[in-house]
Each structure stands twice: as structure tokens, then as C-alpha cells.
Amino acid sequence: MDRLKLSRIDEELESSEVAALCFLCCDVVSRKRLERIGDAKQLFLRLEEKGLLDNPVFLSQLLHTIRRADLLNLLETDSRQPEETDASPVLSTYRVMLYRIYEDMTEENLKNMKFLLNGKLGRRQIEASDTALDLFAEMEKAGLLSDTDVNELLATLREFDQQLALTVQLYKNSMRPPHSHTIQIPLILLFISGTLMFIICLCGCACEDYALTHIPRGLCVVINNESFRGLELSNRGGTQEDAKALRKVFYSLGFDVVIHDNLTADDMRHKLKELSRRNYSNEDALVVCVLSHGEQGCVFGTDEKKVSLRELTEPFTSKIAPTLTGKPKLFFIQACQGSGYQGGTVPCPPRPRNEEEVGETFEEDAGPVYGETVPWDADFLLGMATVQECKSFRNTSTGSIYIQELCKQLTRSAESSERDNILDVLTRVNREVGRGVYLSRKQMPEPKYTLTKRLVLKFVR
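If you're wondering where the values come from, they're calculated on a predicted model, not measured in any experiment.

Points about the packing of aromatic side chains
Tallied over the full model, the rule gives seven aromatic pairs. Consider the rings of Y99 and Y102, whose centres lie 5.4 Å apart with planes at 50 degrees: the pair is tilted. With Y99 and Y102 both in helix α6 (residues 93–104) and three residues apart, this pair spans about one turn of that helix. Accessibility expressed as a relative area gives 6% for Y99, which makes it buried. Seen from their ring centres, F250 and F332 are 6.3 Å apart, and the 40 degrees between their planes marks the pair as tilted. Of this pair, F250 sits in helix α12 (residues 239–252) while F332 sits in strand β9 (residues 329–334), and the two are 82 residues apart along the sequence.

Written as C-alpha cells, this is what we have:
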């Protein structure tokens with residue numbers, strides 16, 4: 001590979017990014033050969049020795065994983081994308097999984113992890129570990145962690161962060177059992193705005209669908225907060241259009257729709273608790289939509305008090321609502337999840353502003369920012385209007401960008417002859433919302449799910 005291009009990439013990488021690249025390469029270059037590497041140029045020499053830079057594919061994977069896709073243009077030798085062959089080296093899904101945990105681990109979580117590993121690792125090893133990647137490396141040296149044994153890591157993470165533990169659990173579920181005679185199932189990892197998603201490809205096997213046999217299919221509850229009583233949060237113009245759109249589409253999909261306007265935080269909790277006591281034996285699914293202001297990990301009641309995402313979903317776990325066991329529980333949240341903005345990278349010269357943007361009024365569904373995890377019980381889907389730490393947008397006349405696109409794509413799927421899974425629908429929502437520009441900013445929705453079957457929604461009314 002062109003040394004000049006590699007040198008330019010080296011100049012753009014920070015020392016922490018070089019350390020991350022070294023960690024990701026531990027399965028293709030011996031750990032001893034990676035020791036004392038001080039810059040990317042030294043790493044590139046090690047990769048060249050292994051023939052890993054004969055084409056740009058492996059380096060492209062590395063840069064994508066550490067979220068430095070901005071450097072990929074330096075690898076292009078002509079206008080075509082690099083070709084990948086069956087012989088091309090592929091990054092270990094195990095290493096990438098560990099890197100995603102490192103990315104999402106807070107300083108507090110790192111301290112917790114060190115404390116829990118005290119006694120299993122030496123004191124010197126723990127004190128020398130400045131990052132989670134360092135700890136993972138020490139665990140590997142001590143025989144506590146490998147690509148075929150993640151049990152110690154899983155047990156440790158479960159003590160302080162269920163979302164990080166879920167990432168490991170999903171990786172573990174994808175591993176082939178020892179001495180198994182079953183066919184290896186390929187694993188695809190998708191990274192969407194910082195979220196790690198595992199999809200198991202069952203080639204040639206029919207995926208089971210959730211049973212939708214009752215009329216009505218179930219209940220769709222919409223909590224629509226428009227008018228706020230305090231001084232910090234503004235009223236949410238346009239939200240009535242979202243409520244109308246949700247009522248129309250979910251009624252047509254066979255759900256009874258109930259809309260609750262302007263609930264305080266306690267009112268929201270009370271309604272959800274009341275809803276969890278319902279007998280769902282003769283219903284197939286539950287849908288809850290929350291339209292409000294929010295910040296990371298929570299939404300606001302009209303009294304400007306917080307309700308965590310966990311408080312929204314926990315009442316409907318199988319432990320608390322047993323008649324919902326094995327049935328899909330869909331939550332769609334239109335609210336900001338922080339005060340940041342989603343940026344965008346343009347692969348070609350920017351287009352002029354769409355005419356439809358001119359004269360439109362957008363607002364942000366933002367509150368003042370912190371964190372909460374999502375329940376990981378089976379058969380939940382949580383559709384967020386935006387990724388964590390970012391704002392979502394709402395047109396004050398026509399409704400929110402996310403909810404309007406969600407209803408549009410649900411309608412398209414319901415009327416189609418194809419049997420689209422709900423995840424296919426949400427992928428299209430991501431694509432269409434991601435294409436837009438709002439107040440000169442971008443927005444990217446984020447679905448999170450523990451669904452165990454396909455969910456196909458068709459109009460029945």
C-alpha cells in the first residue's frame with residue numbers, strides 16, 4: 001500500500017486510537033510484536049509483514065470500527081470501492097465486541113470493573129490498566145477472557161451495567177457450542193450511531209413470526225404531552241398531528257387506540273401501572289407511544305419531572321405482566337435524548353436546501369442530560385426518535401420528523417404484498433429521517449430490541 005497514504009493516516013490518528021487499533025489487531029499480529037508500538041506507522045509495518053495491507057479492506061475495517069471513516073478517502077486508489085475477496089482478512093467479532101464495550105464504558109464503570117476484578121487480577125495489573133482495553137488484555141493474559149469464554153466478563157458487567165452485559169450476552173449467544181454438529185451460523189454486526197446490534201443470519205431457514213390472530217390485535221396507548229406547566233420546557237406545537245397519525249395507522253393495523261393528553265410524571269407512572277394489570281390473554285401485542293420532551297434516558301411529564309425509560313417498560317416485563325409473556329411489546333419514544341446535535345458527513349458536494357424546508361418551523365424536544373439503561377427482557381422493541389445524547393426535531397405544523405416517517409413506513413409496509421419485518425420498517429425510517437436536514441442539523445433514530453421472532457404488521461381495518 002502507498003506509504004505516503006499510510007503516513008497521512010498516521011498523522012491524523014491520536015495515540016488512544018493507535019492503542020485501540022493495536023488491540024483490534026491482537027488476533028492477527030502476536031501481542032509481543034504489538035508491544036511498545038508508539039504510532040500508526042509502526043503498526044502498519046507489522047500489518048505489512050503479515051500481508052494484511054495488500055489491499056485496503058482490512059485497514060478500512062479497522063478505521064470503520066474506531067469511527068474514523070473520515071480517513072477512508074485516503075485509501076481509495078481510484079473511484080471504485082476496494083474489492084473484498086473470500087481471502088480478505090476480517091476483524092474478529094470478539095475484538096469488535098470488546099471495543100464497543102470500551103467505547104460505552106464510563107469512568108465510573110471502569111472503577112467498578114477494577115474493583116470487582118481485584119483478587120482475580122494482580123494489583124499491579126489493575127493499577128496499570130488505564131482503559132477497559134487494558135483490563136481486557138490483562139484478563140486474557142490471566143486466562144479469564146477469550147473468544148470462546150466470556151463468562152467472567154459477562155458476570156462482572158452484570159454487576160453494574162446491564163446494557164454492557166447484554167452486548168456480551170448477544171455475542172455469547174452467537175457462539176457455536178463446543179463439539180456441536182450443527183451448521184455454523186454467520187454473525188453480522190451492525191454499528192448504528194454507536195449502537196452495536198447483532199443479527200444472526202439463518203440462511204435457508206424460515207423465521208418464525210409472532211402470532212397475530214385476534215381482533216383487536218391489542219391496545220395502542222399514546223401519551224401525548226403538549227402543554228408544560230413550568231418555565232424550562234416549552235409547549236410542543238405539532239404534537240397533535242403525531243397523535244392523529246398514530247391513531248390512524250394503529251387503528252388500521254387492528255389495535256384499539258387510547259390517547260392520554262398532558263400527563264404529569266406521576267400520572268404517566270399511574271397509567272402505565274394500571275395498564276400492566278390488564279389481562280392480555282386475548283390480545284397479541286402492546287404498543288405504547290410517548291410524545292414529550294426528554295433528555296438522555298428519560299422523558300418529561302407536563303410538570304417537568306422525569307420518567308426514566310426503564311419506568312416506561314419495566315411494568316410490562318413477563319414477571320409483572322405474565323399475560324404478555326412471549327408477545328411483542330412495542331415502545332416508540334418521540335423525545336430528545338440529550339442536548340447534542342447529530343452531525344453528518346457528505347460524500348459529495350452538498351445539495352441545495354430542499355424547497356420543502358423553506359418556511360418550515362422546527363423545534364427540539366429537548367430538556368436540560370444524564371443516563372439510564374433499557375430493560376433487556378425478551379420481546380421488547382424500543383424505537384427512539386434519536387440516538388443517545390442528541391436532539392430530535394418536530395415541525396410545529398405537521399408533527400415530529402420521526403413519528404410522521406414511522407407512520408408513513410408502517411403504512412407502506414402494511415399495504416405492500418411483501419411480508420416486511422418491523423425491523424425492516426425501522427431501517428427504512430432510519431434511512432429516510434437520516435437523509436433530511438433540520439435547522440441545518442441531522443437526526444438519526446435508534447431502534448433497540450430483544451424481539452425473538454419476526455413481527456409483520458398488516459392492515460385489518
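Looking at the pattern of salt bridges
This structure, assessed with the given rule, holds 24 salt bridges. As a salt-bridge pair, R454 and D209 come within 3.0 Å of each other at their nearest N and O atoms. E241 is the partner of K244 in a salt bridge, and the nearest nitrogen-oxygen pair spans 3.5 Å. In this pair, K244 and E241 both sit in helix α12, three residues apart, roughly one turn of the helix. Its relative accessible area of 53% is what places K244 among the exposed residues.

As for the environment of L110
Here L110 is to be found in helix α7 (residues 107–117). Sequence-wise, L110 and T131 are 21 residues apart; in three dimensions their C-alpha atoms are separated by 7.4 Å. Not counting residues within four places of it along the chain, the set of residues in contact with L110 comprises M105, D130, T131, A132 and L135.

Examining the sheet that holds strand β6 (residues 294–295)
If you trace the three strands from one edge of the open sheet to the other, you get β6-β7-β8, paired in antiparallel fashion. On the outer flanks of this sheet lie β6 and β8 (306–308), each paired with one strand and no other. Summarising the sheet, β6 and strand β7 (residues 298–300) pair through two bridges and their orientation is antiparallel. When the sheet's bridge partners are listed, G294 is paired in β7 with V299. In the packing of helix α13 (residues 265–276) onto the sheet, contacts are made with β7 and β8, and the angle to β8 comes to roughly 35 degrees.

Details of the side chain of R217
Along the polypeptide, R217 turns up in the loop between β2 (195–200) and β3 (218–224). Notably, R217 is buried but unbridged: the nearest opposite-charge side chain belongs to D284, and the N-O separation is 4.4 Å. Sequence-distant contacts of R217, that is, excluding residues within four places in its chain, are made with L212, L253, G254, F255, E283, D284, A285 and V460.

Scoring rules and cut-offs
Residues numbered from 1 in each chain as written. Predicted model: local features only at pLDDT ≥ 70, side-chain atom pairs only at ≥ 80, totals over all residues. Heavy atoms only, no water. Phe/Tyr/Trp six-rings, centres within 6.5 Å; stacked < 30°, edge-to-face > 60°. Helix = DSSP H or I, 4+ residues; strand = E, 2+ residues; numbered from the N terminus. Buried < 20%, exposed > 50% of the residue type's maximum accessible area, 1.4 Å probe, protein only. Salt bridge = Lys/Arg side-chain N within 4 Å of Asp/Glu carboxyl O. Contact = heavy atoms within 4.5 Å. Pairing = 2+ DSSP bridges. Axes fitted to C-alpha atoms, helices over the stretch in contact; angles between N-to-C directions. Lys, Arg positive; Asp, Glu negative; His and termini not counted.

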